[in-house]
Amino acid sequence: MICPDLRGFGWSEAPRGSYLKADLGMVGFHVCLKAPDRVSHYAAAAISHLWVRADEAPLSDRLRLLSRLWYMFLIASPLAGRQVVERVPAFIRQILVKGSARPDTFTEAEIETFVAQWSEPERAQACVAVYRSFLTREFRQIARGAFNEQVISQPTMILIGELDPVIEAENLRGAETNLPNLEIREQAGVG
């Protein structure tokens, strides 16, 4: 079993360079596509797959999703992003607490451990790079259907929380052609 520690997050190194999902974020889906012989089963948690058909959703659903992603746009912004992440711990705290279905499960010490890492300049820059890469490059690739001809045939499970503020089960459906062995497992009461 392999469970990657993403570059720039937690206590991993946060070097300058690429923060494209193909290099580190949705890395599991990319590994399944690029080296299928190395993966027998794949499980992803609280992340979308590469075949979300947002353009087919009603405009109201797309606008609702964009409103849930407001923090990504702020973090990715060229002027304010890094400053907010690095110097406004209340912002990171807000994302953690408001993004949680059950914020009371975190102790104050756990919240502080999570928030403190983002005050480090390297981590703040990594955070900005992840969101900027996603919004300026990867999201467009996915929306344009860059992966539409590719298939992951390995048994794949995506685990999400029923109360996840961004990922919803209904947005993951409709990729049967590309993920014929997909199981979406939604855990009640968590996010």
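Student: If you had to explain the overall build of the protein to someone new, which residues and values would you point to?
Tutor: Summing up its helical and strand segments, the protein has 8 helices and 3 strands in all. Its helices and strands in sequence order give the protein the pattern α-β-α-α-α-α-α-α-β-α-β, from N to C terminus. Against the globule reference of 16 Å for 191 residues, the protein gives a C-alpha radius of gyration of 17 Å, in line with a compact fold. Seen along its three principal axes, the alpha-carbon backbone of the protein occupies a region of about 45 × 35 × 35 Å. Residues counted as buried form 38% of the 191 residues belonging to the protein. Partitioning the intrachain contacts of the protein with sequence separation of at least 6 by distance along the chain shows that 68% fall at a separation of at least 24. Accessible area of the protein: about 11300 Å², with a carbon and sulfur share of 57%. Side-chain charges of the protein comprise 21 positive and 23 negative groups, with the mean position of each set lying 6 Å from the other.

Student: Describe the packing of aromatic side chains, and please don't skip the residues or the numbers.
Tutor: On inspection of all chains with the given rule, the structure shows 6 aromatic pairs. When the ring of Trp70 is compared with that of Tyr71, the centres are 6.2 Å apart and the planes differ by 85°; the resulting orientation is edge-to-face. Where Phe114 meets Trp118, the ring centres are 6.3 Å apart and the plane angle is 70°; that geometry is what we call edge-to-face. Among the residues examined, Phe114 registers a relative accessible area of 35% and is labelled partly exposed.

Student: Please set out the environment of Val166 residue by residue, giving values where relevant.
Tutor: Topologically, Val166 is positioned in the loop between β2 (156-161) and α8 (169-172). Counting along the chain gives 81 residues from Val166 to Val85, while the straight-line C-alpha distance between them is 20 Å. Setting aside its immediate chain neighbours within four residues, Val166 contacts Leu65, Arg68, Leu69 and Tyr71.

Student: Outline the pairing of β2, supporting the account with residue identities and numerical values.
Tutor: Burial analysis of β2 places 5 of its 6 residues in the buried class, the great majority of the element. Relative to β2, strand β1 (residues 42-45) runs parallel, the two being bridged by 4 bridges. Bridge pairing links Ala43 to Met157 in β2. Pairing analysis gives 6 bridges linking β2 to strand β3 (residues 182-187), with the strands arranged parallel. The residue bridging Ile158 from the neighbouring strand is Ile184, located in β3.

Student: Outline the environment of Ala101, listing residues and values.
Tutor: Its place among the elements puts Ala101 in the loop between α5 (89-98) and α6 (108-117). Residue classification places Ala101 among the partly exposed positions, given a relative accessible area of 27%. Dropping the residues within four chain positions of it, Ala101 is found in contact with Leu163, Gly189, Val190 and Gly191.

Student: Describe the sheet that holds β2, listing the residues and the values that go with them.
Tutor: Ordered by their spatial adjacency, 3 strands build an open sheet running β1-β2-β3, and the pairing between neighbours is parallel. The open sheet terminates on both sides in strands that have one partner only, identified here as β1 and β3. Here the strands of the sheet are splayed against their neighbours by 20° on average, with no regard to which way each runs. Of the strands in this sheet, β1 and β2 are in contact with helix α1 (residues 27-34), which crosses β1 at around 160°.

Criteria and thresholds
Numbering of residues begins from 1 in every chain and follows the order in which that chain's sequence is written. Only residues with pLDDT of at least 70 are given local features in this predicted model, and only at 80 or more are side-chain atom pairs given and counted; all residues enter the totals for whole chains, interfaces and linings. Computation of side-chain values: all heavy atoms of the structure, hydrogens and water removed. Under the DSSP-based scheme used, a helix requires at least four consecutive residues in state H or I and a strand at least two consecutive residues in state E, with every element numbered from the N terminus. For a compact globule the rule gives 2.2 Å times the number of residues to the power 0.38, and the radius of gyration it is set against comes from C-alpha atoms. Each residue gets one of three labels from its accessible area relative to the maximum for its type: buried under 20%, exposed over 50%, partly exposed in between, using a 1.4 Å probe on protein chains only. Residues count as neighbours in contact if any of their non-hydrogen atoms are within 4.5 Å of one another. For the accessible areas, the method is Shrake-Rupley and the probe is 1.4 Å, while residue cover comes only from the protein chains on display. By the counting scheme adopted, Arg and Lys are positive, Glu and Asp are negative, and His together with the chain ends is not counted. Every charge is mapped onto a representative atom, which is NZ of Lys, CZ of Arg, CG of Asp or CD of Glu. Centre distance within 6.5 Å is the pairing criterion for rings of Phe, Tyr and Trp, where only the six-membered ring of Trp is used; planes under 30 degrees apart are then read as stacked, over 60 as edge-to-face, and the remainder as tilted. Pairing between strands requires that DSSP locate at least two bridges from one strand to the other. Angles run from 0 to 180 degrees between N-to-C directions of axes, and those axes are lines fitted to C-alpha atoms, restricted for helices to the stretch in contact.

Just distances and angles here, no functional claims.
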